[in-house]
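Okay, here's what each chain looks like letter by letter:
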Amino acid sequence: MNTTVEKQKKAKTGLIVAGVVAGASSLVLLNSNARTKVKDTSKTMKDSVGKYATTIKEDPNGTRAALITRVQNATDISKEAINKIQAILDTQVKDIKQTSKNVADESKEIMSSVKDAQGDVMDVKDKAVDAKDELLSAKDDVKFNTSSGNRSKSGLTTDHTFTKNPVN
């Protein structure tokens, strides 16, 4: 009894699939361009299958051997391509590693140079501050000498101030 139910289920499934295929086909075939394309593709496919069938019927062992040879050739070509790609990747990885190492070394050298320059700049800054202090001291000395020199030349020992206009 189970086989009858299974056959009925398969039959229903088959009918549903056939209905879907027929529906899709009818939708595609409504368009004239699609119909022409389906017709041309079907003819081309029929001719190709016919040629392959004829070739296989005439020399089944030769066709099999030719197919195996082509598959082996394609496999060998693929292996060569993979080996070349691997060699390229290995070379590129080595080059990238070397370039990265060079960049890292140069960066270390640059940082060292920056630190040296920073020390030199600090020395120059200290000397500039010393020069500034020296100039300020010289300015104060000039002021002091100028004011004390004016008093000694005039011979005055008072705090009197001279003006151009007389005071009334």
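Here is what the cut-offs are and how they apply
- Residues numbered from 1 in each chain as written.
- Predicted model: local features only at pLDDT ≥ 70, side-chain atom pairs only at ≥ 80, totals over all residues.
- Heavy atoms only, no water.
- 1 Å grid on protein atoms, 1.4 Å probe; cavity = no way out; pocket = protein on both sides within 12 Å on 5 of 7 lines; lining within 4 Å.
- Points joined across faces, edges and corners; volume = space filled by probe spheres on them.
- Helix = DSSP H or I, 4+ residues; strand = E, 2+ residues; numbered from the N terminus.
- pLDDT = per-residue confidence, 0-100.
- Contact = heavy atoms within 4.5 Å.
- Salt bridge = Lys/Arg side-chain N within 4 Å of Asp/Glu carboxyl O.
- Buried < 20%, exposed > 50% of the residue type's maximum accessible area, 1.4 Å probe, protein only.
- Patch = residues over 30% accessible without salt bridge, like charges linked within 9 Å, V, L, I, M, F, W, Y side chains within 5 Å.
- Areas by Shrake-Rupley, 256 points an atom, 1.4 Å probe, with all protein chains shown as cover.
- Lys, Arg positive; Asp, Glu negative; His and termini not counted.
- Charge placed at Lys NZ, Arg CZ, Asp CG, Glu CD.

## A short note on the layout of surface pockets
Here the largest pocket is characterised by a volume of approximately 160 Å³. Tyr 52, Thr 55, Ile 56, Thr 63, Ala 66, Leu 67 and Arg 70 are the residues that line the largest pocket. At the level of secondary structure, the elements contributing two or more residues to the lining of the largest pocket comprise α2 (32-58) and α3 (60-154). Of the residues forming the lining of the largest pocket, the biggest block, four residues, is contributed by α3.

## Some words on the confidence of the model for the chain
Averaged over every residue, the pLDDT of the chain is 81; the share at 70 or more is 83%. Looking over the chain, one finds the lowest element-wise mean pLDDT in helix α1 (residues 2-29), namely 78, and the highest in α2, namely 85. Note that pLDDT drops below 50 for residues 151-156; the model gives that stretch two contacts with residues more than four away or on any other chain.

## A word on the pattern of salt bridges
Any two side chains of opposite charge can pair if their charged atoms end up close together. Taken as a whole, this structure holds one salt bridge when the rule is applied. The partner of Lys 101 in a salt bridge is Asp 105, with the nearest N and O atoms 3.8 Å apart. Linking Lys 101 with Asp 105, this pair stays in helix α3, spanning four residues, or about one helical turn. Its relative accessible area of 33% is what places Asp 105 among the partly exposed residues.

## Some details on a negative patch on the surface
Residues Asp 116, Asp 120, Asp 123, Asp 126, Asp 130, Asp 133, Glu 134, Asp 140 and Asp 141 make up a contiguous surface patch of negative charge. Relative to the elements of secondary structure, Asp 126 occurs in helix α3. Given the relative accessible area of 43%, Asp 126 is considered partly exposed.

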